[in-house]
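So the chains spell out like this:
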Amino acid sequence: MTERHDDRASFAQPERKNVEEPALLVALHDVTPAHAARLACAELLLSALGLTTVTYLYVPDFHGQAAAHDDRAFSAWCRAPRPYRVEWFLHGYFHEERESERRARPTTPGHWFARTFLTSGEGELLTLRGRALQDRLQTGIQSMACAIGYQPAGFVAPAWLYNEDLIPVLRRLGIRFTESHFHVFDLQTGEAIPTPVITWASRTCAHRAAARMCASVERRLWRRKPLVRVALHPADFDHPRIVDSVARTIETLSRTRRMISYHEVAQSHSRGLG
Ligand SMILES: [Zn+2]
């Protein structure tokens, strides 16, 4: 757990609490040809809600079975115009912890907890380190350049699980933004911006009921937070009651918040620091 939660260790500057006006970041996770039909449902909702900017998290080869860079139809879909701006980030490579890598590395109690309670085998970067981590992300960047035509400005670890090697590797690769469960990080300025995230777990009936209740509480609980994230997953769109909760959450938050991209978060902060 320390690997995941000690997420400000690489940052020299203290947290900043002043985004210029209340803002909302919306991200669509797990953008891969494996979820094409669900992503189409997600886009219908995002368009209907009148969003102005959304961050898409691209997975190069979901579970080793959906190589996005080899899929021409998917590449054309990625490049198609949308009624909102899309900011593309990289999101792991396989989006699962490879069995061979899991067996090759020692498992700590923190890893066990994370694997058991925080994800269902999706923690690809939980134990991946050093050169192997850098090579994996470099290959992901190449995949994205091939499918979409440019380099990602940001990276989000699958299930927000990673170790302390990630930040230095991202810096070496020239990636500016990343995030944890609790913060958005600007690697260029060294800022850790506190940003709670509302997300929905959809694995079981109990998860879905709890997620809908949490979203309802968090909408109120975090109303005074300068910046809030909403993270959507393709599986959310298999469940109409989750979709209702997603729609209500985005509608409620966008009444009082400006929708922004990660680049605009960084600009707000630099203006706020004046
Ligand atoms: Zn994901």
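Structural data are supplied above this passage.
Below or above, wherever it landed, is the structure these notes cover. (Residues numbered from 1 in each chain as written. Predicted model: local features only at pLDDT ≥ 70, side-chain atom pairs only at ≥ 80, totals over all residues. Heavy atoms only, no water.)

Turning our attention to the overall build of the protein. From N to C terminus, the protein includes 10 helices and nine strands. Looking at the protein residue by residue over its 274 residues, the buried ones come to 54%. Residue pairs at least 24 apart in sequence account for 77% of intrachain contacts in the protein once pairs closer than 6 positions are excluded. Accessible surface, the protein: about 12,200 Å² in total, of which carbon and sulfur atoms supply 54%. (Helix = DSSP H or I, 4+ residues; strand = E, 2+ residues; numbered from the N terminus. Buried < 20%, exposed > 50% of the residue type's maximum accessible area, 1.4 Å probe, protein only. Contact = heavy atoms within 4.5 Å. Areas by Shrake-Rupley, 256 points an atom, 1.4 Å probe, with all protein chains shown as cover.)

What follows covers the packing of aromatic side chains. Applying the stated criterion across every chain, the model contains eight aromatic pairs. Both rings, one in Phe74 and one in Trp77, keep their centres 5.4 Å apart while their planes meet at 25 degrees; by these two values the pair is stacked. With Phe74 and Trp77 both in helix α3 (residues 72-79), this residue pair falls three residues apart, about one helical turn. Residue classification places Phe74 among the buried positions, given a relative accessible area of 5%. Between Tyr93 and Phe94, the ring centres sit 4.9 Å apart and the planes meet at 80 degrees, which makes this aromatic pair edge-to-face. Across the pair, Phe94 and Tyr93 agree in class, each one buried. Here a set of aromatic residues connected by ring pairs shows up, and it is made of Tyr56, Phe74, Trp77, Tyr84 and Trp88. Just above the ring of Trp77 sits the side chain of Arg82; from NZ or CZ to the centre is 4.5 Å. (Phe/Tyr/Trp six-rings, centres within 6.5 Å; stacked < 30°, edge-to-face > 60°. Lys NZ or Arg CZ within 6 Å of the ring centre and 35° of its normal.)

Further remarks concern the coordination of the zinc ion. Taken together, Asp30 (OD), His91 (NE2) and His95 (NE2) make up the protein donors of the zinc ion, found 2.0 to 2.1 Å from the metal. Here the donor residues for the zinc ion map to a single chain with the spacing D-x60-H-x3-H. Here His91 lies in the loop between β3 (85-90) and α4 (99-104) and Asp30 lies in strand β1 (residues 23-31), a separation of 61 residues in the sequence. The residues Asp30 and His91 share a single accessibility class, namely buried. (Donors = N, O, S within 2.8 Å, 3.2 Å for Na, K, Ca; no water.)

Look at His95: it is not a glycine, yet its phi comes out positive at around 60 degrees. Mapped onto the elements, His95 comes out in the loop between β3 and α4. Of note in the backbone geometry, Ala159 takes a positive phi value of approximately 60 degrees without being a glycine. Tracing the backbone shows Ala159 in the loop between α6 (130-147) and α7 (166-172). Residue Ala159 is classed as partly exposed on the basis of its relative accessible area, which comes to 22%.

Now for the sheet that holds strand β6 (residues 191-194). Within a sheet, neighbouring strands are paired by backbone hydrogen bonds and run either parallel or antiparallel to one another. The three strands lie next to each other as β4-β5-β6, forming an open sheet whose pairing is antiparallel. Unpaired on one side and paired on the other, β4 (177-179) and β6 mark the two borders of the sheet. Each strand of the sheet is rotated relative to its neighbour by a mean of 25 degrees, with strand direction disregarded. Across three bridges, the pairing between β4 and strand β5 (residues 183-186) is antiparallel. Directly across from Phe177, in β5, lies its bridge partner Asp186. (Pairing = 2+ DSSP bridges. Axes fitted to C-alpha atoms, helices over the stretch in contact; angles between N-to-C directions.)

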